[in-house]
There are 2 protein chains.
Amino acid sequence: MKETLNANAQAVLEVVRRSHNHPTALEVYEAVRKVRPRIGVASVYRILHSLAQQGLIRELGRSDEACRYDGHIERHDHAICTACGALLDLPVEVRLSEEALRSAAQAAGIELHSHEVRLYGLCTACRQRLQQVESVEG
Amino acid sequence: MKETLNANAQAVLEVVRRSHNHPTALEVYEAVRKVRPRIGVASVYRILHSLAQQGLIRELGRSDEACRYDGHIERHDHAICTACGALLDLPVEVRLSEEALRSAAQAAGIELHSHEVRLYGLCTACRQRLQQVESVEG
DNA sequence: TAGCAGATTGATAATGATTATCATTATTAG
DNA sequence: CTAATAATGATAATCATTATCAATCTGCTA
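Conventions used here
- Residues numbered from 1 in each chain as written.
- Chains lettered and ligands numbered in written order.
- Predicted model: local features only at pLDDT ≥ 70, side-chain atom pairs only at ≥ 80, totals over all residues.
- Heavy atoms only, no water.
- Pairing = 2+ DSSP bridges.
- Helix = DSSP H or I, 4+ residues; strand = E, 2+ residues; numbered from the N terminus.
- Axes fitted to C-alpha atoms, helices over the stretch in contact; angles between N-to-C directions.
- UniProt positions renumbered as here; feature names shortened; annotations may be inferred.
- Buried < 20%, exposed > 50% of the residue type's maximum accessible area, 1.4 Å probe, protein only.
- Contact = heavy atoms within 4.5 Å.

**Brief notes about the sheet that holds strand β5 (residues 111–122) of chain A**
- The six strands lie next to each other as β4(A)-β3(A)-β5(A)-β5(B)-β3(B)-β4(B), forming an open sheet whose pairing is mixed. Each end of this open sheet is capped by a strand with a single partner; those strands are β4 (87–89) of chain A together with β4 (87–89) of chain B. The sheet shows a mean angle of 30° between the axes of neighbouring strands, taken without regard to direction.
- Pairing of strand β3 (residues 78–81) of chain A with β4 of chain A, which is carried by three bridges, proceeds in the antiparallel orientation. If you follow His78 of chain A over to β4 of chain A, its bridge partner there is Asp89 of chain A.

And the structure:
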């Protein structure tokens, strides 16, 4: 059990908090390297897991290729582009009733700690890109 | 564009539909091998992607280590154990309003196709396991 | 029906993310 | 200060997935 953060862990936490685009572990590694050049990948992975376990950052299930991290630890929802895999924070909360959550958790037999709504669809860029392809092919 | 499913694809689809525990691609491969021994991993991956693209199965973002597939293509929600990574289908729907969804999608700038609610917490097994650890350590 | 163009397949190598190993270094207790 | 212990990072190993490519199958034409 580690309570205080050393310089490496501080740097990792800083990077994750400062980046608003859900960096992967390797991206965090590259960024942290600039300020702590001697750090290795293994330590970055170790620190990320440890920070996530302490609730200081959030580990997002990998939607496309690699696991991504989020400095926003307040509960929030996501939108995921089914074409390019982009994972966006929703700026608004999708409201749902406590009662619905509680009964669903009970039905599944789990002790509910948190929840997330995921919206799937096409982001603006992909929508435009696909329309162009259609018009060329069609 | 392929419309008809050949014997390999049929077998893969059968396996995914028959298994009620979100198999990984490798698990599907092992199961399909029993009925089509000459099939290779590459084909299984190809077929899984193709079936998912045709909407015949659903590709679940990898919650723990590997990508998992679901024969249930009707929209449904999931519960995820934060301790062991288990991914469970919710037997009931977590109801939320069309209006809330639509406005959230608009705020994120995506064209909404589907959505999913994810409940995070401890499954029964992990709850018990962790209680035991506590009582031993405490 | 034979022969061929193109698609499909599967064995295998390659890739990319993550984890394990382990010698070295830093930290702490005595 | 020294011994014990924990933390670190370089590197190898692992695991899922993808790319490559020769072999095979498909439908089609002559």
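**Points about the UniProt feature "binding site: Zn(2+)" (unreviewed entry) in chain A**
Residue and element names in this part refer to chain A.
- Feature annotation in UniProt places "binding site: Zn(2+)" (unreviewed entry) on Cys81, Cys84, Cys123 and Cys126, given in this structure's numbering. Spatial clustering of the annotated residues is evident: they stretch over 46 residues in sequence, but the largest pairwise C-alpha distance comes to 8.3 Å.
- Note on placement: Cys84 falls in the loop between β3 and β4.
- Judged by relative accessible area, Cys84 falls into the partly exposed class, the value being 41%.
- Those residues in contact with Cys84 that sit more than four places away from it in its chain are Cys123 and Cys126.
- Inspection of the secondary structure assignment puts Cys123 in the loop between β5 and α5 (124–137).
- Given the relative accessible area of 11%, Cys123 is considered buried.

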